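Read off the chains here:
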Amino acid sequence: MTARIIEGLPVAERIRAEVTAEVAQLRAEHGLQPGLAVVLVGDDPASQAYVKSKGEQSLAAGMHSVTHRLPADTRQDELIRLVADLNADPLIHGILVQLPLPSHLDEKPVISAIDPDKDVDGLHVVNAGRLTVGEPALTACTPVGCMVLIRDTLGDVAGKHAVVVGRSRLVGKPIAQLLLAADCTVTMAHSKTQDLAAVCRSADILVAAVGRPRMIRGDWIKPGATVIDVGINRVPFDNPEQAALGKTKLVGDVHYKEALEVAGAITPVPKGVGPMTVAMLLQNTVTAAKRIAGVD
Ligand code: GUN
């Protein structure tokens, strides 16, 4: 039996339509137009593509949207000054500094400089803390998107064993907290975990967020498990002739072909988790705008 494929695109479209309707209502009834500022430093092609999509989709949802493209040699104090200006800007309710930053910049002080109430990435320690203690928090977009897909697939997940592979600030840690809040039994696995294959094989829900192409093999997966692949890795084509031409394609952290034969349901790469991220960013921006404006 092959796994059910969890398509992110239709779910993301549904959420974008809901956000668009809510933005129209906020504008009509409260004169409130949610505003998003996206900051990109440097010219990394993948980041440029993500930032373009964030700008386009926020505009399409009827939001106020600004994108700040800064040169790769921007200084730390210049970036922090821009963040401070955005914190003070009443038209902006959400601030996202695209990561990774160029290597001469330190991301921690930049994230700390963002007003937690405008931190639509959920990266600030205040939001990470709120999530951990169960207070209303702005939560990282990709993990929230994963949870929407997991709930769409499984419904109630209470008591299920979830294994999260990867412990990043942006994905692994927040998704583990969200799964815990949904009453899963959660294991966080990472590069130092012993017998990672056996740990993965014990998962009813397996979330892969490590950034290593096709690391998780078919025989690491419990038959019938739900597999959420957050990885986006660019690799040469399998076909040697195409690979020789320098052609590349996107693959996840899970060996998709093998996993398809074992899992109960699985997100593809691309078009699985990916489209959910921007949809949840739009939703977080609406949430932030409502909180800042005191609208229910
Ligand atoms: N880089 C890749 N994904 C993300 C994201 O969700 N937010 C930010 N700020 N940077 C990213």
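Heads up: the structure comes first, above all this text.
As a starting point, this report considers the structure included with it. On a predicted model such as this, the values are computed, not experimentally measured, just so you know. (Residues numbered from 1 in each chain as written. Predicted model: local features only at pLDDT ≥ 70, side-chain atom pairs only at ≥ 80, totals over all residues. Heavy atoms only, no water.)

1. As for the environment of cysteine 200
By secondary structure assignment, the location of cysteine 200 is in helix 8 (residues 196–201). A residue is classified by how much of its surface remains accessible, and cysteine 200, at 1% relative accessible area, is buried. Between the C-alpha atoms of cysteine 200 and valine 295, which are 95 residues apart in sequence, the distance is 43 Å. With sequence-adjacent residues up to four places away left out, cysteine 200 is seen in contact with Val165, Leu206 and Trp220. (Helix = DSSP H or I, 4+ residues; strand = E, 2+ residues; numbered from the N terminus. Buried < 20%, exposed > 50% of the residue type's maximum accessible area, 1.4 Å probe, protein only. Contact = heavy atoms within 4.5 Å.)

2. Focus: helix 2 (residues 45–60)
An ideal rise of 1.5 Å per residue puts 22 Å on 16 residues; helix 2 measures up with 23 Å between its terminal C-alpha atoms. Of the residues making up helix 2, those classed as buried are Ser47, Val51, Lys54, Gly55, Gln57 and Ser58. Tucked into the core, helix 2 has its buried residues touching helix 1 (8–30), strand 2 (35–41), strand 3 (64–70), strand 4 (94–97) and helix 11 (274–293). At the C-terminal side of helix 2, glycine 62 shows a positive phi close to 90°. (Expected span 1.5 Å × (residues − 1).)

3. Focus: the pattern of salt bridges
In this structure the tally under the stated criterion is 12 salt bridges. A salt bridge links arginine 14 to aspartate 152; the shortest N-O distance between them is 3.8 Å. Of this pair, arginine 14 sits in helix 1 while aspartate 152 sits in helix 6 (residues 141–154), and the two are 138 residues apart along the sequence. Take aspartate 152: its relative accessible area is 42%, and that puts it in the partly exposed class. When the shortest N-O distance is used, the salt bridge between arginine 75 and aspartate 77 registers 2.9 Å. Note on aspartate 77: relative accessible area 38%, which makes it partly exposed. A single salt-bridge network, built from bridges that share partners, covers Arg75, Asp77, Glu78 and Arg81. (Salt bridge = Lys/Arg side-chain N within 4 Å of Asp/Glu carboxyl O.)

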